[in-house]
Amino acid sequence: MDQIRIENLEVYAHHGVLKEENTLGQKFLVSLVLYADTKEAGRSDDLSFSVNYADVAHFVEEQMKARDYKLIEAAAEHLAEEVLLQFPEMDNISVEIKKPWAPILLPLDHVSVRIRRGWTKVYLSIGSNMGDKKENIRKAVGALRGDRRIRKVTESPLIQTEPYGYTEQDDFLNGAICLETMYRPEELLARLHEIEAAGHRERKIHWGPRTIDLDILLYGDEVIQTEELVIPHREMHLREFVLKPMLQIAPWAVHPVFHKTVYELYKEREGQDI
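Anyway, here's the lowdown on the structure attached to this text.

Rules behind the numbers
Residues numbered from 1 in each chain as written. Predicted model: local features only at pLDDT ≥ 70, side-chain atom pairs only at ≥ 80, totals over all residues. Heavy atoms only, no water. Buried < 20%, exposed > 50% of the residue type's maximum accessible area, 1.4 Å probe, protein only. Helix = DSSP H or I, 4+ residues; strand = E, 2+ residues; numbered from the N terminus. Pairing = 2+ DSSP bridges. Salt bridge = Lys/Arg side-chain N within 4 Å of Asp/Glu carboxyl O. Patch = residues over 30% accessible without salt bridge, like charges linked within 9 Å, V, L, I, M, F, W, Y side chains within 5 Å. Areas by Shrake-Rupley, 256 points an atom, 1.4 Å probe, with all protein chains shown as cover. Lys, Arg positive; Asp, Glu negative; His and termini not counted. Charge placed at Lys NZ, Arg CZ, Asp CG, Glu CD. Arc of directions from axis to C-beta. Contact = heavy atoms within 4.5 Å. Core = buried A, V, L, I, M, F, W, Y, C linked by side-chain atoms within 4.5 Å. Expected span 1.5 Å × (residues − 1).

## Focus on the pairing of strand E2 (residues 26-35)
- Across the ten residues of E2, nine count as buried, placing the element largely inside the fold.
- Summarising the sheet, strand E1 (residues 3-13) and E2 pair through nine bridges and their orientation is antiparallel. Each residue of the ladder has a partner; that of Leu-9, found in E2, is Val-30.

Below you can see the structure in the form of structure tokens.
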């Protein structure tokens, strides 16, 4: 990915743990790496196809002064998120905040924190088999679209499927969703649980009936196995009600463990050509 760099932008702000730092303020040096596709801007010589670094620099100064933080870690986290939201043409950003006058009573040039944040493409499954199924799904997708840390939400057509596992329940409506998010995997899982709770999801029976069900299928190319979260979803390659909607929006998405596309996984499950 192409890079636009802003090095050591001087900002006078009031971040620090000590009272005098908050009262008197001090100089900070902010460096950014903006990751964006600059090819069209280079070919056309048109700024509208790139990121205006002057606008970014002024925005950074505003954000650094808008709120006081005890930790430069917090200032960096806030700054990265706000810049990504303000300038959507960026996919990722690296932020470094240097504190030249860190009060540690020892000679040093500066102390700094450097972080990298960005948007990650994620695929979800969504389903409902209680109440107004379409309305349940519509509200859940609306909650995703309304979240400032989520963008570019795309839905598959819904399909009706028989229940999986526990069969003494109504048929499901199932679909797949593609989106980009700033949430890390554990944060996204927590956000999905919030949306399920708002939709009156109750976890009483494993594979039981539910008003709304949201599962993370793929999160970039990450492989995660914890007690709370397994990515890729451990059974996505076995479930037609997952693969069939995914086939509509992401046939070439690659499973990072099996190294096969959704198309290939679906074809293997069907045992025949599509």
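## Structural notes on the pattern of salt bridges
- Per the counting criterion, the structure on display carries 17 salt bridges.
- Where Glu-81 meets Arg-148, a salt bridge forms, and the shortest distance between an N and an O atom there is 2.9 Å. Pair noted here: Glu-81 is in helix H4 (residues 72-86) and Arg-148 is in the loop between helix H5 (133-145) and strand E6 (150-155), with a separation of 67 residues, a long-range link.
- According to the relative accessible area criterion, Glu-81 is buried, its value standing at 16%.
- Arg-239 is the partner of Glu-235 in a salt bridge, and the nearest nitrogen-oxygen pair spans 2.6 Å.
- Residue Glu-235 is classed as buried on the basis of its relative accessible area of 19%.
- By relative accessible area, Arg-239 is classed as buried at 9%.

## Quick look at the pairing of strand E9 (residues 213-219)
- Burial analysis of E9 places six of its seven residues in the buried class, which makes it a mostly covered element.
- Alignment of strand E5 (residues 120-128) against E9, held across six bridges, turns out to be antiparallel. Within E9, the residue paired with Ser-125 across the bridge is Asp-215.

## Observations regarding a negative patch on the surface
- Side chains of Glu-186, Glu-187, Asp-221, Glu-222, Glu-227 and Glu-228 sit close together on the surface and give a patch of like negative charge.
- Checked against the element boundaries, Glu-227 lands in the loop between strand E10 (224-225) and strand E11 (230-231).
- You can call Glu-227 exposed: its relative accessible area is 81%.

## Some words on helix H8 (residues 262-270)
- If you check which residues of H8 are buried, you get Val-262, Leu-265 and Tyr-266. For H8, the arc enclosing every buried residue in end-on projection is 95°, short of the 170-degree limit, so these residues lie on one face.
- Its buried side turned inward, H8 meets helix H7 (240-249), strand E12 (254-255) and strand E13 (260-261).

## Some remarks on a nonpolar patch on the surface
- Residues Ile-104, Leu-106, Leu-108 and Val-111 make up a contiguous nonpolar surface patch of roughly 330 Å² in combined accessible area.
- Examined against the element boundaries, Leu-106 turns out to sit in the loop between strand E3 (92-99) and strand E4 (111-118).

## With respect to the nonpolar core
- Judged by nonpolar contacts, the single largest core of 31 residues is most densely connected at Leu-32, Leu-34, Val-56, Val-83, Val-95 and Ile-97.
- Elements with a minimum of two residues in this core: E1, E2, helix H3 (53-66), H4, E3 and E4.
- Among the elements that take part in this core, H4 stands out by supplying seven residues, more than any other.
- Ignoring any residue separated from it by four or fewer positions in sequence, one finds Val-95 in contact with Ser-31, Leu-32, Ala-76, Leu-79, Ala-80, Val-113, Arg-114 and Ile-115.
- By size, the runner-up hydrophobic cluster in this structure holds 24 residues, among which are Leu-124, Ile-137, Ile-177 and Leu-214.

## Structural notes on H5
- Between its first and last C-alpha atoms H5 spans 18 Å; for 13 residues at 1.5 Å apiece the expected length is 18 Å, and the two agree.
- Those residues of H5 that fall on the buried side of the exposure criterion are Lys-133, Asn-136, Ile-137, Ala-140, Val-141 and Leu-144. Along the long axis of H5, the arc covered by the buried residues comes to 125°, so they all point the same way. Projecting away from the buried face of H5 at angles above 90 degrees are the exposed residues Lys-134, Arg-138 and Lys-139.
- Residues of H5 that are buried make contact with E5, E6, strand E8 (172-181), helix H6 (185-198) and E9.

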